[in-house]
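As a plain string of letters, each chain reads:
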Amino acid sequence: MDSLARGLLPYRDVIGNVAGMLTVAQFLSGCFTCNNIRLKGTSEGFSALQFVLGCGLTALQLRYSQMVGAVAMIRTSAYAFAICAVYSVWFAAYTPRGPRRSELWQLVLRTVLVVGGILLYAGFEQPSKVEYRFGLVVTGLTLGYIGLPLLKLGEVIRRRSTEGLPLPVILASSGASVLWLLYGIILNNYFIIVQKVIAIGLCTAQLSLFVIYPRSSAPKAAATTKAGGRRTKRD
C-alpha cells in the first residue's frame, strides 16, 4: 500500500481533479430530473431525497475534507453542495402548496437538524477523536446516498428491466469511486479507502443489473405480447 501511494503521489492532483470532474458530472445529471419536472409543470411523482439529502451530505463531506486537508475533495464538495442547493430550490418552486410542500419542508428541516447537530458536535469534540468519528458518520451517509438507486431494486426485478435506473449517473459514480480510492491511498486515509471500496462494490452491483436485466427487455416483452394479441385477433 505504501509503495502504491508513493508511486501515485506525483499524479495526486491529476487524479483528484479528474475524480472531482466525474463527481460533479454525477451531480449535474440531476438537470435531467429538473427538466422533467419543468416539462410536467409540477414535482408530483418525483422525490426530493436526492436533492435535499445531497445538500446535507455534501456539506458534511466539505467539513471532513477540510479536516483531512484534501484540497481536491474540498473543491468538489463545494461545487456539489451548490448544485444540490439549486436543485432543491428548483424542486420547491415546482411543488404545489399543501401536503406535498409540507412534506418537503419537513424533509428539509430534518436534514438541517441532523447535519447541524453533527457539525455542532464536530466543533466541540476533542481534535484527537473528531476526525475518526466524523469520518465514520460521513462514510455511512455517503454509502447510503450512493445506494439510493437500489431502492428501485424490487421494481427492476419485477419488471425485469433497468429502465428506471440512471446508467450515466452510475457509470460516473463508478469512475469517480475508483479515482477517489486512489486519492485516498495517496493520502493514506482509511475512511476514504473503505468508503470507496464499498462504493465500488455498490456501483458494481448496480451495473450488474444492466447485464441481467437489459433496458430493452420490458419493451420487447410488451411488443411481443401486443404482436401476439394482433395475430390472435386475425386468427
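These numbers come from a predicted model, not from an experiment. (Residues numbered from 1 in each chain as written. Predicted model: local features only at pLDDT ≥ 70, side-chain atom pairs only at ≥ 80, totals over all residues. Heavy atoms only, no water.)

## Some details on the overall build of the chain
Secondary structure summary: the chain contains 11 helices and zero strands in total. Across the chain, helices and strands are ordered from the amino to the carboxyl terminus as α-α-α-α-α-α-α-α-α-α-α. A burial count over the chain gives 39% of its 235 residues as buried. Restricting the contact set of the chain to residue pairs at least 6 apart, pairs at least 24 apart contribute 77%. In the form shown here, the chain has an accessible surface area of approximately 13200 Å², with 66% of it arising from carbon and sulfur atoms. (Helix = DSSP H or I, 4+ residues; strand = E, 2+ residues; numbered from the N terminus. Buried < 20%, exposed > 50% of the residue type's maximum accessible area, 1.4 Å probe, protein only. Contact = heavy atoms within 4.5 Å. Areas by Shrake-Rupley, 256 points an atom, 1.4 Å probe, with all protein chains shown as cover.)

## Remarks on the UniProt feature "transmembrane region" (unreviewed entry) in the chain
Per the UniProt entry, the sites bearing "transmembrane region" (unreviewed entry) are residues 14-34, 46-64, 76-95, 107-124, 130-153, 165-186 and 192-213 in this numbering. Secondary structure across residues 46-64 divides into 84% helix and 0% strand, with the first and last C-alpha atoms of the span separated by 30 Å. Between the end C-alpha atoms of residues 76-95 the distance is 29 Å, and the span holds 90% helix and 0% strand. (UniProt positions renumbered as here; feature names shortened; annotations may be inferred.)

## What to know about the side chain of Gln195
Positionally, Gln195 belongs in helix α10 (residues 190-212). Within the structure, Gln195 has its side chain in polar contact with the side chain of Lys196 (distance 3.1 Å). Excluding its chain neighbours within four sequence positions, the residues that come into contact with Gln195 are Gln61, Val138, Thr139, Thr142 and Leu143. (Polar contact = N/O pair within 3.5 Å; in protein donor to acceptor, adjacent residues only side chain to side chain.)

## Structural notes on empty space enclosed by the protein
Where empty space is left becomes clear once a probe the size of a water molecule has been rolled over the atoms. A full pass over the atoms with the stated rule returns two cavities of 30 Å³ or more. As a volume, the largest cavity reaches approximately 290 Å³. Looking at the largest cavity, it is lined by 22 residues, and the ones nearest its centre are Thr23, Gln61, Thr142, Trp180 and Lys196. Going through the elements one at a time, α2 (12-28), α4 (49-68), α5 (71-93), α7 (127-146), α9 (167-187) and α10 are the ones with two or more residues in the lining of the largest cavity. Here the lining of the largest cavity is built from residues that sort into 11 nonpolar, 10 polar and one charged. (1 Å grid on protein atoms, 1.4 Å probe; cavity = no way out; pocket = protein on both sides within 12 Å on 5 of 7 lines; lining within 4 Å. Points joined across faces, edges and corners; volume = space filled by probe spheres on them. Nonpolar A, V, L, I, M, F, W, Y, C, P; charged D, E, K, R; others polar.)

## Side note on the confidence of the model for the chain
On average, residues of the chain score 82 in pLDDT, and 88% of them are at 70 or above. No element of the chain has a lower mean pLDDT than helix α11 (residues 217-234), which averages 46, and none a higher one than α5, which averages 93. This model gives residues 217-228 a pLDDT under 50, and the stretch forms five contacts once residues within four places in sequence are excluded. Counted against residues more than four places away or in other chains, residues 231-235, with its pLDDT under 50, gives zero contacts. (pLDDT = per-residue confidence, 0-100.)

## Description of the side chain of Thr42
On the secondary structure map, Thr42 appears in the loop between α3 (30-40) and α4. Overall, the relative accessible area of 15% leaves Thr42 in the buried class. In this view, Thr42 contacts Ile37, Tyr94 and Pro96; residues no more than four positions away in its chain are not counted.

## Observations regarding α4
Owing to its 3.6 residues per turn, the α-helix brings residues three or four apart onto one side. Given a rise of 1.5 Å per residue, 20 residues ought to cover 28 Å, and the 28 Å separating the end C-alpha atoms of α4 matches this to within 8%. Inspection of α4 places Phe51, Val52, Gly54, Cys55, Gly56, Leu57, Thr58, Ala59, Leu60, Gln61, Tyr64 and Ser65 among the buried residues, and these make up the whole buried set. Against the buried residues of α4 lie α2, α3, α5, α6 (99-124), α7 and α10. (Expected span 1.5 Å × (residues − 1).)

## Some points on the packing of α5 against α6
One can describe the packing of α5 onto α6 by two numbers: an axis separation of 10 Å at closest approach and a directional angle of 160°. In this view, α5 runs roughly antiparallel relative to α6, as classed from their interaxial angle. In this structure, α5 crosses over α6, and the sense of that crossing is left-handed. Two secondary-structure elements touch here, α5 through Phe91, Ala92 and Ala93 and α6 through Arg100, Arg101, Leu104 and Trp105. When grouped by side-chain class, the residues that make up the contact of α5 with α6 number five nonpolar, no polar and two charged. (Axes fitted to C-alpha atoms, helices over the stretch in contact; angles between N-to-C directions. Parallel < 35°, antiparallel > 145°, perpendicular 65-115°, else oblique. Left-handed = near helix turned anticlockwise from the far one by under 90°.)

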